[in-house]
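Understanding the architecture of this molecule
So you can see what is in the structure, the chains are spelled out below.
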Amino acid sequence: MYCLQQVTPSYIELKNICKIKRVDVGGFRVEQSINGRLLGSAQINVPFILDPQEIVRFYTKHGRYQGKFFMDVDAFNNSTAVRTSMFNYTEPEEERAWFVYLD
């Protein structure tokens, strides 16, 4: 069990919301789009296990965080017109989680 917890201009946060189980998020892909147009995407290209309640962040290309995951964008858009989506590698076209800001 996981969710896109937060989207800020500098990072997107993915959280394992389960309190007892670990989650394998290796191969997961995160995308940002506005009106169906892709702004950027990033994928976890290594085996990666999130412990219960653990968080992983995707940073912008200007992030100064070594050993983390990056998306090739200057800043993440967190306006109400943007949808941030997460996809599992086993079903690459099926949206597994999403995050939008509401007015």
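Along each chain, the written sequence defines residue order, and numbers are assigned to residues from 1. In keeping with the predicted nature of the model, local features appear solely for residues at pLDDT of at least 70, side-chain atom pairs appear and are counted solely at 80 or more, and the whole-chain, interface and lining totals rest on all residues. Working from all heavy atoms in the structure, the side-chain values ignore hydrogens and water.

Thoughts on the overall build of the protein
To keep things clear, this is the line we draw: Under the DSSP-based scheme used, a helix requires at least four consecutive residues in state H or I and a strand at least two consecutive residues in state E, with every element numbered from the N terminus. For a compact globule the rule gives 2.2 Å times the number of residues to the power 0.38, and the radius of gyration it is set against comes from C-alpha atoms. Burial classes: relative accessible area under 20% of the type maximum marks a residue as buried, over 50% as exposed, and values in between as partly exposed (1.4 Å probe, protein chains only). The criterion used for residue contact is that any of the two residues' heavy atoms lie within 4.5 Å.
From N to C terminus, the protein includes zero helices and ten strands. Listing every helix and strand of the protein by position from the N terminus yields β-β-β-β-β-β-β-β-β-β. For 103 residues, the compact-globule estimate of 2.2 N^0.38 gives 13 Å, and the protein sits close to it at 13 Å. On the principal axes, the C-alpha backbone points of the protein span a range of 35 × 30 × 25 Å. Within the span of the protein, comprising 103 residues, buried residues form 40% of the whole. Taking as baseline every contact in the protein between residues at least 6 positions apart, the subset at least 24 positions apart corresponds to 52%.

As for the sheet that holds strand 10 (residues 91-99)
Under the convention used in this document: Strands were regarded as paired on the criterion that DSSP finds at least two bridges between them. Every axis corresponds to a line fitted to the C-alpha atoms, with the helix fit spanning only the stretch in contact, and the corresponding angles, defined between N-to-C directions, vary from 0 to 180 degrees.
Across the sheet, which stays open at both edges, the four strands sit in the order 5-4-9-10 with antiparallel pairing between neighbours. Every other strand in the sheet has two partners, leaving strand 5 (37-43) and strand 10 as the edge strands with one partner each. For this sheet, the mean inter-axis angle between neighbouring strands, taken without regard to orientation, is 30°.

Observations regarding the confidence of the model for the protein
Basically, it comes down to this: Confidence of the predictor in every single residue is expressed as pLDDT, which spans 0 to 100.
Overall, the prediction assigns the protein a mean pLDDT of 90, with 95% of residues at 70 or greater. Mean pLDDT across the secondary structure elements of the protein bottoms out at strand 8 (residues 69-71), with 88, and peaks at strand 4 (residues 29-34), with 95.

A word on unusual backbone geometry
For Asn35, which is not a glycine, the phi torsion comes out positive at approximately 50°. Note on placement: Asn35 falls in the loop between strand 4 and strand 5. Non-glycine residue Gln53 carries a positive phi angle of around 70°. Classification of Gln53 as partly exposed rests on a relative accessible area of 34%.

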